[in-house]
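Descriptive structure summary
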Amino acid sequence: MTDCIINANRLIGRLQELATIGQRPDGGLDRQAFSAEDSEARRLVVAWARDAGFYSASDSAGNLFLRYAPEGTENEQPVMSGSHLDTQPVGGWLDGAYGVVGAIEAILCLKENGTRLKHPVEAVAWSNEEGSRFLPGMLGSASYVRHLKIDDVLGNLDAGDIRLGDALSVFLKATPELPMHSTSRPLAGYVELHIEQGPVLEAAGIPIGVVSGVQGYRVMEVVIRGRAAHAGTTPAKMRQDAMIGAVNVIRALSEYFQDDEDNTRFTVGRITALPGSPSTVPDLVTFTIDIRHQEKGFLDQAFSTIENMANLHSRPCRATVELLEILEPVQFNPTIIEVIDNCALHKGYKTLRILSGAGHDAALLATRYPAGMIFVPCENGISHHPDENATTEDLIAGVEVLTYCLKQLAMAHN
Ligand SMILES: [Zn+2]
């Protein structure tokens, strides 16, 4: 049987159409989880699935499943592929969207070609991957693999004090026609297509990254408590300046976590000071730490290291550290990795084995099912930014490899 040929114009056209939803004046995207824009994107994708003759369904976490089950496959476990439709508040047009649109194109290609399959194939859009509006991120995939119960996070608030549960229920009502799947179903395999979000593939001039695994991370919140005081009248020696404490802690930690091999990624991405007046010594400074590494032992140790150093370097203020989010490092399934390698080779594309520095839904899926990821290069390694981009050639290459992978996985008996 000949390989099916993807419809490149349809793929790029749909990516561009999706990019008009939540578009910012600076050309970036703001389509955060469970927003009106996120609902609109979901409705568009459901319309594409309807045109394709796929069966669409949702679950209580807001995940969207678009299923193609040729006759005789109905009782088999599906092979699944997808990513997410939500973006950061200043996001790009490909992060997540490429994996969803790419999966739909790949499956449609198999359907149009009449490829004989043993398993159904399903495109998926996992809800709230980014976690920028509501914590935790990767909510939909975490719920699917039962790492969390959706009911336990419905009370989480966004910056405007909107409950996750309320936003999610409005979101689900935007597609009232979708049947609800109450439980997660076992999968024969999962492959996620994504832009690299880093500079490695582009620098190497290689179109396909075969992802070996995903770095783990810990997200923490550090609170430094001092004493508020008048900025003009309080002598330096009598101050308990929470901002100076925070600055000292951040400097000490960023030096401590620097390593020659560049295996550790340490980031302070958010800092707030109270009472927040220019002329008052702040008494409460809160900042986040995102620390990433490929070894679980290192990450487990990092928490107590951070706690000890925060206490030491914030003096005379006091520090507390709270763990907000955990993702353990993940190794992808060797068989799926081999299939991706072989499919890229079959399509004539060079590959590079690569470790993902960013978290992805695939990392959650890999804890329960055979999973893997395909990366394509992105321009200057930029992501989570209006300038996020990739060449048409590379976008097509990724979907060609994905299509062939889904075919191989869905044709095999397992
Ligand atoms: Zn993403």
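For the structure, check the block above.
First, a word on what this report is: a plain description of the structure on this page. Bear in mind that the values here come from a model prediction, so they are computed numbers and not experimental data. (Residues numbered from 1 in each chain as written. Predicted model: local features only at pLDDT ≥ 70, side-chain atom pairs only at ≥ 80, totals over all residues. Heavy atoms only, no water.)

The next thing to look at is the overall build of the protein chain. Of regular secondary structure, the protein chain possesses 11 helices and 17 strands. Seen through its principal axes, the protein chain has C-alpha atoms that stretch 80 × 45 × 40 Å. Of all 414 residues assigned to the protein chain, the portion counted as buried reaches 56%. Looking at charge distribution, the protein chain has the averaged site of its 34 positive side-chain charges lying 4 Å from that of its 52 negative ones. (Helix = DSSP H or I, 4+ residues; strand = E, 2+ residues; numbered from the N terminus. Buried < 20%, exposed > 50% of the residue type's maximum accessible area, 1.4 Å probe, protein only. Lys, Arg positive; Asp, Glu negative; His and termini not counted. Charge placed at Lys NZ, Arg CZ, Asp CG, Glu CD.)

For the rest of this paragraph, the subject is the side chain of Ser83. The topology assignment puts Ser83 in strand β3 (residues 79-84). Ser83 has contacts with Gly96, Gly99, Val100, Val124, Ala125, Trp126, Tyr190, Glu192, Leu193, His194 and Asp361, leaving out every residue within four places of it along the chain. (Contact = heavy atoms within 4.5 Å.)

The end-to-end C-alpha distance of helix α2 (residues 36-52), which contains 17 residues, comes to 25 Å, matching closely the 24 Å that a straight helix rising 1.5 Å per residue would cover. By the burial criterion, the buried members of α2 are Asp38, Ser39, Ala41, Arg42, Leu44, Val45, Val46, Trp48, Ala49 and Ala52. Packed against the buried residues of α2 are α1 (8-18), β1 (55-59), β2 (64-68), α3 (97-112) and α5 (164-173). Looking one or two residues beyond α2, the residue adopting positive phi is Gly53, at roughly 80 degrees. (Expected span 1.5 Å × (residues − 1).)

What follows concerns the coordination of the zinc ion. Donor atoms from the polypeptide that coordinate the zinc ion comprise His84 (NE2), Asp95 (OD) and His194 (NE2), at 2.0 to 2.2 Å from the metal. Between consecutive donors of the zinc ion, the numbers of intervening residues give the motif H-x10-D-x98-H. Remark: His194 occurs in strand β6 (residues 189-195) and Asp95 occurs in the loop between β3 and α3; sequence separation between them is 99 residues. (Donors = N, O, S within 2.8 Å, 3.2 Å for Na, K, Ca; no water.)

What follows covers the packing of aromatic side chains. Overall, the coordinates contain 11 aromatic pairs when judged by the stated rule. Ring pairs connect the aromatic residues Phe65, Trp126, Tyr144, Tyr190 and Tyr369, which therefore count as one cluster. Sitting over the face of the ring of Phe65, Arg185 holds its NZ or CZ atom 4.8 Å from the ring centroid. (Phe/Tyr/Trp six-rings, centres within 6.5 Å; stacked < 30°, edge-to-face > 60°. Lys NZ or Arg CZ within 6 Å of the ring centre and 35° of its normal.)

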